[in-house]
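Topology and contacts: notes
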Amino acid sequence: MGVKHFGARVARLEDPALLTGRGRYVDDVNIPGMLHACFVRSPHGHALIQSIDAGAARQMPGVHAVLTADDLPAPMAGARMPMLVPNAAIAALRTQHCLARDEVCYVGQTVAVVIAESRYLAEDAVAMVEVDYDPLPAVSDCRAALEPGAPTAHRDLPDNLASAFRQSFGDVDAAFAGAPHVFRESLFQHRGGGMALETRGVVAHHDRITDLLTVWSATQTPHIGRRMIADLLGRSPERIRVIAPDVGGGFGPKAIFYAEEAVIAAAALLLGTPVKWIEDRREHFLAATQERDQHWDVEIAVEADGRIRGVRGSLIHDTGAFVPWGVIMPYIASATMPGPYVLPAYQLDVKVALTNKVATTPVRGAGRPQAVFAMERLMDRVAQGLGIDPAEVRRRNFIQPEQMPYAVGLIFRDGKPLVYDSGDYPKAQAEALTLADHAGFPARKAAALKAGRHIGIGIANYVEGTGLGPFEGVTVRVQQNGKVLVATGATNQGQGTRTTLSQIISDRLGCRIEDIEMSIGDTAAIANGVGAFASRQAVNAGSSAAMAAEVVRARVVQLAARALGVPEAEVAIEDGKAIAQSGNRPEIGFGDLARLSQGMPGFSMAAGDMPGLEHTAYFTPPQASYCSGTHVVEAEVDIMTGGVRLLTYSVAHDSGTIINPLIVDGQVQGGVAHGIGNALMEFMKYDENAQPVTTTFADYLMPMATDVPTCRIAHVESPSPLNPLGVKGAGEGGTIPAAAAIVAAVEDALSPFGIRFSETPLTPERIVEALTVAGAY
Ligand code: MCN
């Protein structure tokens, strides 16, 4: 009997190559004659371009071209980049030109590109390109941007309001009018990046004989990239192949399509030579998209026992200078606020502001960390205000498992209601509290205080819509060598996509996991694809893999029954062989069956047969599947230095049915590391002129291994009824509630001083300042 892989802790198949230096990243793509690109970028937050003089740069030995907007081919030269998720609520439909035409709106915006024989020469030539800028007033803070008379982020726009909309349900005024208690908070979550180990990078090569333009890009979404390049170059997508080779982390910013990808593709076509651009870390700080940057003013009305009557308030989202992904993050944030709680009435007024900073697009969590921060901080205010234990306040408000599926009350823009498909929120919190030994905490705290130490505990819950559509596809093909080829539009930046899809297919098809060959992130391998974001691939690609494998298996059984001369019911499939369950148990291997499936030259196929043992399935989810969980953090604060040490970190996570618990543990742990960065360290700071201030890892601090405790993890499995595997996403849940839980733990540790925090990151400086104000020294 073959090994069952689904649900097992299978070690990641991709790791041996990656850990022994055999990974192949974009920078490993080297083609004879390849030239190297370096971009001229705006040094101003906002300026008009009066002129560009590239004469001296073009004369430099080794420089092959300097391209400005006018040198790009039509329609790219004049066009703005396509917007990924357009919608009617966006007042200012702004995406950037591939190369700026007459105005730059953030530091780092692409103005021109030098193509030279080496990156060194290209860098030197960039310094020789003279751009005459006429600086304009810049706007850096999104609240200031919406004040009357604020400088506009774009010269020709009347104001900075990119979008305004309201999310609401229930009678919120009545909820507040008669409320025994109301608690208020003003909260801010700062900007940060994805900070993947591998920066962005592109290599483009045009083969004149086949007229095929091949683009290697460190992207999460190669199929979307192909469509964008096709639109911008006015070229058939069939003549473009985009390949995402090994990608060293994505975390969201690599899901969008960038100007640099389009420009390098155009340069390769124009020059007739392969061109490479690898982003350096400073460029990444300036020009790779970022996220968070939201201000929330919210209040909660509760009964005397802490049960919620209503939540209302406003949210200002900083979209930066452009809206390449539409207004998806504030939209997601406003729909995430209700969380796992029964919320009778809700109203949030959302404004999206343009500023002169790089655009915000989803970074792990995509608006949800901010919403969870807002809701969970409010829950803590209720607990503190009413003197009820924070866990108990939450417990009193949970949606109960028997209420599933649960209609939250919100109606999405497409007219569909927001419905949680399944989940057991009380159970998840109970399990996380057990992992954290919550019951023993008061004794630990008392003992610590006696010893002069300040420890605290924080709790945060969340619900996350995962597995978003529209689809993902998987092709399963049994080859004539007996191996199984799998192709998918799903991608892999470290999530273990190859491993988990292989687990599903080997079980469903009946082959050895090591006999599966996988083509991931290559538009030539499968016609349609979407890619990695929104923790969507386990649901979409996983389901497609199961569906395709089952169709192929049925065909294998049919052919094998014919070949072995037994009824189909007597054919068993195991380890890549079909075995008759009667007589002397004759068998036939997958390779022979694949050959049989080709028929005989000159003879007719059997009626109804199609050649090949192959099927492509596209799973299309009816809506999101909602994963959920609870984080409980125990932290110690050194009140002399303001340093925070996380003592224990406990997570109960519900990703529905789990394909690979080892991988999901890794996803949770990695997500938590990201959340720790958000809570305590990472901060992309801009000054009042919209000049980025933190553009190295000396200024922008990332958590080190020593800052990240090993998580205690429990899996609560509430299968989703919305897909054949019962799975929900797992890629972002580790990040989403982390800042809320950590800030709560720090506040609790400092409870003797009555300090409240409403902002992240909680740097030592900020903590010492708060302690000083509270008179602690
Ligand atoms: N999984 C599972 N069982 C489940 C759910 C998921 O075994 N019930 C597995 C999946 O099969 C997959 C992994 O967990 O191997 C993550 O699956 P999923 O949640 O579907 O996420 P995606 O594959 O769609 O990946 C995107 C998601 C996002 S949005 C970000 S951001 C993120 C993340 O994944 N970026 C990552 N995790 C990352 N992990 C790494 N190492 N690098 C990144 O850039």
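The rules behind the values
Residues numbered from 1 in each chain as written. Predicted model: local features only at pLDDT ≥ 70, side-chain atom pairs only at ≥ 80, totals over all residues. Helix = DSSP H or I, 4+ residues; strand = E, 2+ residues; numbered from the N terminus. Contact = placed C-beta atoms within 7 Å. Pairing = 2+ DSSP bridges. Axes fitted to C-alpha atoms, helices over the stretch in contact; angles between N-to-C directions. Domains from an automatic or database assignment. Near = placed C-beta within 6 Å. Nonpolar A, V, L, I, M, F, W, Y, C, P; charged D, E, K, R; others polar. Parallel < 35°, antiparallel > 145°, perpendicular 65-115°, else oblique. Left-handed = near helix turned anticlockwise from the far one by under 90°. Buried ≥ 20, exposed ≤ 12 C-beta atoms within 10 Å, placed from the backbone. Right-handed = clockwise from strand over helix to strand, strands pointing away. pLDDT = per-residue confidence, 0-100. Arc of directions from axis to C-beta. Core = buried A, V, L, I, M, F, W, Y, C linked by C-beta atoms within 7 Å.

In the nomenclature of an unreviewed UniProt entry, the protein is known as Xanthine dehydrogenase family protein molybdopterin-binding subunit of Xanthobacter tagetidis.

Turning to the overall build of the protein, a few remarks are in order. Of regular secondary structure, the protein possesses 19 helices and 29 strands. Its C-alpha atoms give the protein principal-axis dimensions of roughly 90 × 75 × 50 Å. Look at the contacts in the protein between residues 6 or more apart in sequence, and 80% of them connect residues 24 or more apart.

Read from one edge of the open sheet, three strands run 22-23-24, paired in antiparallel fashion. With one partner strand each, in any of the chains shown, strand 22 (571-574) and strand 24 (587-589) form the two edges of the open sheet. Looking at each pair of strands side by side, their axes are set apart by 20° on average, direction ignored. Relative to strand 24, strand 23 (residues 577-580) runs antiparallel, the two sharing three bridges. The residue bridging Ile579 from the neighbouring strand is Glu587, located in strand 24. Contacts from helix 15 (residues 537-564) reach strand 22, strand 23 and strand 24, with the element oriented near 125° to strand 22.

Looking at the protein, the domain boundaries give domain 1 (15-21 + 469-619), domain 2 (31-136 + 195-287) and domain 3 (291-468 + 622-773). Between the C-alpha centres of domain 1 and domain 3 there is a distance of 40 Å. The interface is formed by 19 residues belonging to domain 1 together with 19 residues belonging to domain 3. Broken down by secondary-structure element, the contributors of at least two residues to the side of domain 1 that touches domain 3 are helix 14 (497-510) and helix 15. If one sorts the elements of the side of domain 1 that touches domain 3 by residue count, helix 15 sits on top with seven residues.

What follows concerns the site of the ligand. Not every one of the 35 residues close to the ligand is listed here, only the nearest: Gly494, Thr500, Gln537, Ala538 and Gly731. For the shell around the ligand, the secondary structure elements donating two or more residues are helix 14, helix 15 and helix 17 (661-680). It is helix 17 that contributes the most residues to the shell around the ligand, four residues altogether. By residue class, the composition of the shell around the ligand is 11 nonpolar, 20 polar and four charged.

Relative orientation of the contacting elements helix 11 (residues 390-397) and helix 12 (residues 425-435) amounts to 160°, with a least axis distance of 10 Å. As the angle between them shows, helix 11 and helix 12 are arranged roughly antiparallel. Of the two elements, helix 11 crosses helix 12, and the hand of that crossing is left-handed. Of the residues in helix 12, those touching helix 11 at Ala391, Arg394 and Arg395 are Pro426, Gln429 and Leu433.

Right, let's talk about the sheet that holds strand 10 (residues 212-217) for a bit. Strands sit in the order 3-5-1-12-9-10-11 across an open sheet of seven strands; the sheet is mixed. Taken across any chain shown, the strands that pair with only one partner, and hence form the sheet edges, are strand 3 (63-67) and strand 11 (240-243). The mean angle between the axes of side-by-side strands here comes to 20°, regardless of whether they run parallel or antiparallel. Relative to strand 12 (residues 275-278), strand 9 (residues 201-207) is paired through four bridges, and the arrangement is antiparallel. In the sheet register, Val203 faces strand 12, and the bridge partner there is Lys276. Against the sheet, helix 7 (residues 259-271) touches strand 1 (35-41), strand 3, strand 5 (110-116), strand 9, strand 10 and strand 12, its axis set at about 30° to strand 9.

Taken across its nine residues, strand 15 (residues 346-354) has eight buried, putting it largely inside the fold. In terms of strand pairing, strand 14 (residues 308-320) meets strand 15 through nine bridges, oriented parallel. By the bridge assignment, Leu315 is partnered in strand 15 with Val350. Between the parallel pair strand 14 and strand 15, the chain is carried across by helix 9 (residues 328-336), and the sense of this crossover is right-handed.

Attention now moves to the packing of helix 10 (residues 368-386) against helix 11. For the pair helix 10 and helix 11, the least separation of the axes is 9 Å and the interaxial angle reads 115°. With respect to their mutual orientation, helix 10 and helix 11 come out roughly perpendicular. By crossing handedness, the relation of helix 10 to helix 11 is classed as right-handed. Counting all contacts with helix 10, which are made through Met379, Asp380, Val382 and Ala383, the residues of helix 11 involved are Pro390, Val393 and Arg394. Here the residues of the contact of helix 10 with helix 11 sort into five nonpolar, no polar and two charged.

Moving on: the confidence of the model for the protein. A residue-level look at the protein finds 99% of positions with pLDDT of 70 or above and a mean pLDDT of 96. Overall fold confidence (pTM) sits at 0.96, and the ipTM for the predicted complex is 0.99.

Right, let's talk about helix 3 (residues 119-128) for a bit. Listing the buried residues of helix 3 in full gives Leu121, Ala122, Ala125 and Val126. Seen along its axis, helix 3 keeps its buried residues to an arc of 140°; they face one direction. Opposite the buried face of helix 3, at more than 90 degrees from it, the exposed residues are Tyr120 and Ala127. On its buried side, helix 3 packs onto strand 1, helix 2 (55-59), strand 3 and strand 5.

Right, let's get into helix 11. Of the residues making up helix 11, those classed as buried are Pro390, Ala391, Val393, Arg394 and Asn397. Each buried residue of helix 11 sits inside an arc of 160° when the element is viewed along its axis, so together they form one side. Buried residues along helix 11 sit in contact with strand 14, helix 10, helix 12 and strand 18 (454-466).

Another aspect to go through is the nonpolar core. With 233 residues, the main nonpolar core has Ala37, Val113, Val114, Val129 and Ile742 as its most contacted residues. When residues in this core are grouped by element, the largest group, 13 residues, is from helix 15. If near-sequence neighbours (up to four positions away) are discounted, Val114 is found in contact with Ala37, Cys38, Ala57, Val63, Val66, Ala122, Ala125, Val126 and Val129.

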